[in-house]
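Structure assessment
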Amino acid sequence: MKMTWRWYGEGNDNITLDHIRQIPGVRGIVWSLHDKVAGEVWEMERIQAATDQITSKGFGTAVVESVNVHDDIKIGRPSRDHYIDIYIDTIRKLARVGVKVICYNFMPVFDWTRTELYKQLPDGSNALFYEKAAITDNPSEMVDRILQGAGKFTMPGWEPERLEKLDELFASYADVTEERLFENLQYFLERIIPVCEEVDIKMAIHPDDPAWPIFGLPRIIRSRDTIRRLLDAVDSPYNGLTFCTGSLGTNPDNDLPAMIREFADRIHFAHIRNVKVFENGDFIEVSHRGRDGSVDMPEVVKALYENGYTGYVRPDHGRHLWGEEANCRPGYGLYDRALGVMYLLGVWDSLENAGKVN
Ligand SMILES: [Mn+2]
């Protein structure tokens, strides 16, 4: 398991690479060119500058999260081939600087969805919260709330320019059923995976968050069966997963350790995060510690360990602690994610140690 940390880049993150160096065990930075919108060309000079800066502090740059997929590819418009060509161009350029894994998602309109960014927990910290009843028929209410809460920080998947045209965006997905969306994903993968095989970059799809359809939009990567279908449809090790325990864990029917065991050879990146799921289906993000939430974290780490996992891992979102929400990107503060790193490495070390003793 290689521990990494998501960083938004110089001037776009309140946390610095010097901060991250002081968290034990973090070897790589999960990076992206965050100002690039889906479908835009990534220039080689920009890629080189971003990776040079990260490697100058001793970190690896093998994981990119994300290269966003243009809506025309998800909708299946004739212009998709043009955008897939651009995507392939980015894959080839990223290979030149040694990138090994690209995390991406195939969610229509919205990336992750929450109804509150700073919901208070009993200990006085606060975290991202999803209240089922607060999801109304009017998605623009939720968009306004999220964008206001994010303040000066940009958030991937929540680009204001894109969401300004929300009605238009929804209308363009009107005919995109689950089946169509799956076909469009397969079409995309059938074109890019041969290139990935050639340049040795693994694609790692992020599951839908939360793991069910919202606002009538289809969600196709959310359970054991939907993941199985995707992996079989394009049966190459380069068509793999970002195993996000926080996203898949929103549905208590998902048996996360069993899924890790089944998909072990196709998991290239793992987002490890805990959520507490309430009886009515609401959920809140909590500390990484297993007993604080609904995800059996020691079992999750054990399943990775027992399958000899050598891929990349990062703590996913954290709570906002000690007042840091005044100046951090929602879900991406320093303290709780650093605690998460230590918890995950602690569980891993104890498994490794027990292995030696026996
Ligand atoms: Mn995730």
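What this report covers is the structure whose coordinates are included nearby.

Criteria and thresholds
Residues numbered from 1 in each chain as written. Predicted model: local features only at pLDDT ≥ 70, side-chain atom pairs only at ≥ 80, totals over all residues. Buried ≥ 20, exposed ≤ 12 C-beta atoms within 10 Å, placed from the backbone. Helix = DSSP H or I, 4+ residues; strand = E, 2+ residues; numbered from the N terminus. Pairing = 2+ DSSP bridges. Axes fitted to C-alpha atoms, helices over the stretch in contact; angles between N-to-C directions. Contact = placed C-beta atoms within 7 Å. Parallel < 35°, antiparallel > 145°, perpendicular 65-115°, else oblique. Nonpolar A, V, L, I, M, F, W, Y, C, P; charged D, E, K, R; others polar. Right-handed = clockwise from strand over helix to strand, strands pointing away. Core = buried A, V, L, I, M, F, W, Y, C linked by C-beta atoms within 7 Å. Left-handed = near helix turned anticlockwise from the far one by under 90°.

Some thoughts on the pairing of strand 6 (residues 126-130)
For strand 6, the buried fraction is high: four of the five residues fall into the buried class. For strand 5 (residues 116-120) and strand 6, the ladder comprises three bridges, and the chain directions are antiparallel. Bridge pairing in strand 6 places Gln120 opposite Asn126. What sits between the antiparallel neighbours strand 5 and strand 6 is a turn of five residues, in which Gly124 has the positive phi angle 95°. In this sheet, strand 11 (residues 283-286) lies alongside strand 6 in antiparallel orientation, the contact comprising two bridges.

Observations concerning the sheet that holds strand 6
Read from one edge of the open sheet, four strands run 5-6-11-10, paired in antiparallel fashion. The sheet is open, and its two borders are formed by strand 5 and strand 10 (274-277), each paired with just one other strand. Direction aside, neighbouring strands of the sheet carry axes that sit 40° apart on average.

Remarks on the sheet that holds strand 4 (residues 101-104)
With respect to topology, eight strands assemble into a closed barrel ordered 1-2-3-4-7-8-9-12, the strand pairing being parallel. On average, each strand axis in the sheet is tilted by 30° relative to the strand beside it, whichever way the strands run. Two elements, strand 2 (residues 28-31) and strand 3 (residues 60-65), share three bridges in a ladder whose sense is parallel. Counted as the bridge partner of Trp31 is Val64 from strand 3.

A look at the environment of Gly240
Here Gly240 shows up in strand 8 (residues 239-244). Note: C-alpha distance between Gly240 and Phe182 (58 residues apart in sequence) is 15 Å. Non-local contacts of Gly240, meaning those with residues more than four positions away in its chain, are made with Lys202, Met203, Ala204, Arg266, Ile267 and His268.

Focus: the packing of helix 11 (residues 256-263) against helix 12 (residues 297-306)
Two numbers describe how helix 11 lies on helix 12: the axes approach to 9 Å, and their chain directions differ by 10°. Relative to helix 12, the element helix 11 lies roughly parallel. Note on element contacts: helix 12 touches helix 11 through Glu299, Val300, Ala303 and Leu304, opposite Leu256, Pro257, Ile260 and Arg261. Across the contact of helix 11 with helix 12, the residue classes break down as six nonpolar, no polar and two charged.

Topic: the environment of Val97
By the secondary structure assignment, Val97 is in the loop between helix 4 (80-96) and strand 4. In contact with Val97, other than residues within four places in its own chain, are Ile47, Gln48, Thr51 and Thr61.

Focus: the pairing of strand 3
Of all six residues in strand 3, five are buried; the element is thus mostly enclosed. Once you follow strand 2 into helix 2 (residues 44-55) and on to strand 3, the crossover reads as right-handed. By the bridge criterion, three bridges tie strand 3 to strand 4 in an arrangement that is parallel. Across the sheet, Glu65 pairs through a bridge with Cys103, a residue of strand 4.

Looking at the nonpolar core
Nonpolar side chains in soluble globular proteins tend to end up buried together. Judged by nonpolar contacts, the single largest core of 85 residues is most densely connected at Ile102 and Val300. Apart from residues no more than four positions distant in its own chain, Ile102 is found in contact with Val64, Val67, Ile91, Leu94, Ile201, Met203 and Ala204.

Considering the packing of helix 4 against helix 8 (residues 178-199)
Interaxial distance between helix 4 and helix 8 falls to 10 Å at its minimum, and their mutual angle equals 20°. Here helix 4 is positioned roughly parallel relative to helix 8, judged by the angle of their axes. Note that helix 4 runs across helix 8; the crossing there is right-handed. Within the contact between the two elements, helix 4 uses Ile84, Tyr87, Ile88, Ile91, Arg92 and Ala95 and helix 8 uses Phe188, Arg191, Ile192, Val195, Cys196 and Val199. Of the residues assigned to the contact of helix 4 with helix 8, the class counts are ten nonpolar, no polar and two charged.

Some details on the environment of Ser236
Tracing the backbone through its elements, the reader meets Ser236 in the loop between helix 9 (224-233) and strand 8. For Ser236, a count of 16 C-beta atoms within 10 Å translates into the label partly exposed. Through-space distance from the C-alpha of Ser236 to that of Trp42 is 26 Å; in sequence the pair is 194 residues apart. If near-sequence neighbours (up to four positions away) are discounted, Ser236 is found in contact with Ile193 and Glu197.

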